[in-house]
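Letter by letter, the chains look like this.
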Amino acid sequence: MSSNSLWHLTIKKFKKNKTGLISLGYIILCGFVALFCYALAPDNSNSANQMHIEIHSKTPGFSTKLIKIPSQEKSFSSSWISTLFWGKQINGREIPIKSYKIRKSFIEIQKYDGNIKMFDLNLFDNKPEQFIKKRTFFLGTDKFGRDLWSRILIGTRISFSIGFIAVLISLLIGIPIGAIAGYFGGKIDALIMWLINITWSIPTLLLVIAITLTLGKGFWQVFIAVGLTMWVEVARIVRGQIITTKQQQYVEAAKALGYSNIRIIFKHILPNILAPIIVISAANFAAAILIESGLSFLGIGAQPPTPSWGAIIKNHYNYIILGKPFLALAPGIAIMSLVMAFMLLGNSLRDALDVKN
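About the cut-offs
Residues numbered from 1 in each chain as written. Predicted model: local features only at pLDDT ≥ 70, side-chain atom pairs only at ≥ 80, totals over all residues. Heavy atoms only, no water. Phe/Tyr/Trp six-rings, centres within 6.5 Å; stacked < 30°, edge-to-face > 60°. Buried < 20%, exposed > 50% of the residue type's maximum accessible area, 1.4 Å probe, protein only. Lys NZ or Arg CZ within 6 Å of the ring centre and 35° of its normal. Salt bridge = Lys/Arg side-chain N within 4 Å of Asp/Glu carboxyl O. Helix = DSSP H or I, 4+ residues; strand = E, 2+ residues; numbered from the N terminus. Pairing = 2+ DSSP bridges. Axes fitted to C-alpha atoms, helices over the stretch in contact; angles between N-to-C directions. Contact = heavy atoms within 4.5 Å. Polar contact = N/O pair within 3.5 Å; in protein donor to acceptor, adjacent residues only side chain to side chain. Disulfide = S-S within 2.5 Å.

Trainee: Explain the packing of aromatic side chains residue by residue, including any values.
Mentor: Taken as a whole and judged by the stated rule, the model has eleven aromatic pairs. When the ring of Phe124 is compared with that of Phe131, the centres are 5.4 Å apart and the planes differ by 70 degrees; the resulting orientation is edge-to-face. Classification of Phe131 by relative accessible area gives partly exposed; the value is 21%. One cation-aromatic arrangement involves Arg236 over Trp200; the distance from NZ or CZ to the ring centre is 4.6 Å. One residue, Arg263, lies across the ring of Tyr259, its end atom 4.0 Å from the ring centre.

Structure below.
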């Protein structure tokens, strides 16, 4: 790469933007958390869904002892790949305890709610201490007694996935449609613009709700629905850029050499208009996270027990006036910080890619 090339100058300008670098670093960190969330979460069960009703709605930093009661059924071991992507399969259940005493042939435990229970030592292979551990809930527990920190970490994967897939779908649909409209013009452009304007006039959230209800509630349905509503912005940007760019001399030269329209569009024009596409993609990534959170808050996004940030806020927003606002504020701050990082990154990229400066 030449030291005076456009991309080299863009990278050099971007490195001088501290806000952009910090935002990019935070996004990379969130991406790392999204990929390895089950390895980082204290509760690495599927969806961090281990419930301890006795210790529900505890404050951040709460600690207690837990005893794991092994299951009498045949246990299944999880491979590290399965654990990385879907969490660990939990055999048995955990009970919060205040104290325990070992008798001759059984263990007597005092549960966190004060009740006394006894279990045969043979259930623990006569080594009950190995089944007792102390756990600290860094962000406390939700109203079902689940580890809030673990659920927020795993919720990062949901937000990152929705953003990535929605942006990918919008690019796959928006770029070809916008390119065809801008390059060929005429009746084709009029027809595509009519379709874009119709889609544009429908409120995004309403359109997403309609698509979600048509496809059904679920994880992947939300991804597809959000992606299908974002292509219009990409198509409008690409169309406008191509209308301007197709008048350039290198495009006329490519036509004179007999290159096909497809080659001219995708090999000559599109590589030169990547800057605005990158900027709009960053903004769409942030918008997708907000839309998914809103859908989950309304109950038509990712379904329980999937730990979506929007669903966590829905389950606990009334706790704001009950003296435990952290249950709703923690996922709210997570949404705000990630969305702000993408918006600031988009602004920094816009400044760096602006050849006029």
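Trainee: Lay out the pattern of salt bridges with the relevant residues and their values.
Mentor: The final tally for this structure, using the stated rule, is eight salt bridges. With a closest N to O distance of 3.6 Å, Arg103 and Glu108 form a salt bridge. In this structure, the salt-bridge partner of Arg146 is Asp142, at a minimum N-O distance of 2.9 Å. Across the pair, Asp142 and Arg146 agree in class, each one buried. What emerges from the salt-bridge pattern is a single network uniting Glu94, Lys133 and Arg135.

Trainee: Tell me what's going on with unusual backbone geometry, and back it up with residues and numbers.
Mentor: Here the amide bond leading from Pro304 into Pro305 is cis, since omega sits at 5 degrees, within 30 degrees of zero. Counting through the fold element by element, Pro305 comes out in the loop between helix H11 (274-298) and helix H12 (309-316). The residue Ala48 is not glycine, and still its phi comes out positive at about 45 degrees. Along the chain, the position of Ala48 falls in the loop between helix H3 (37-40) and strand E1 (62-69). Using a relative accessible area of 0% as the deciding quantity, one classes Ala48 as buried. Phi at Asp125 takes a positive value of approximately 55 degrees, unusual for a residue other than glycine. Following the sequence through the fold, Asp125 ends up in the loop between strand E4 (116-120) and strand E5 (132-137). A relative accessible area of 57% means that Asp125 is categorised as exposed.

Trainee: Can you explain the pairing of E1? Please cite residues and give values.
Mentor: Bridge count for E1 against E5 is six bridges, and the pairing is antiparallel. When the sheet's bridge partners are listed, Ser63 is paired in E5 with Thr136. Two strands pair when backbone bridges link them, and E1 and strand E2 (residues 93-102) are joined in this way by five bridges, in the antiparallel orientation. What sits directly across from Ile67, in E2, is Ile95.

Trainee: An account of the sheet that holds E1 is needed here, citing residue identities and associated values.
Mentor: An order of E4-E3-E2-E1-E5 is seen for the five strands of this open sheet, with the pairing classed as antiparallel. Both edges of this open sheet fall to E4 and E5, since each of them pairs with a single strand only. With strand direction ignored, the average angle separating the axes of adjacent strands in the sheet is 55 degrees. Two strands pair when backbone bridges link them, and E2 and strand E3 (residues 106-111) are joined in this way by five bridges, in the antiparallel orientation. From the neighbouring strand, Ile97 faces E3, where its bridge partner is Lys111.

Trainee: Can you lay out the environment of Asp189 for me, pointing to particular residues and giving the numbers?
Mentor: When you line up the elements, Asp189 lands in helix H6 (residues 186-201). Assessed through its relative accessible area of 12%, Asp189 is described here as buried. In the structure, Asp189 is positioned twelve residues away from Ile177 in sequence and 9.4 Å away in space, judged by C-alpha atoms. Those residues in contact with Asp189, other than ones at most four positions away along the chain, are Ala181 and Arg239. Within the local environment of Asp189, its side chain forms a polar contact with the side chain of Arg239, the two groups lying 2.6 Å apart.

Trainee: Give me the state of the cysteines: which residues, what numbers.
Mentor: Within this structure, the stated rule accounts for zero disulfides. Just so you know, Cys37 is unpaired, no disulfide at all, and the nearest cysteine sulfur is the one on Cys30, 12 Å from it. Classification of Cys37 as buried rests on a relative accessible area of 0%.

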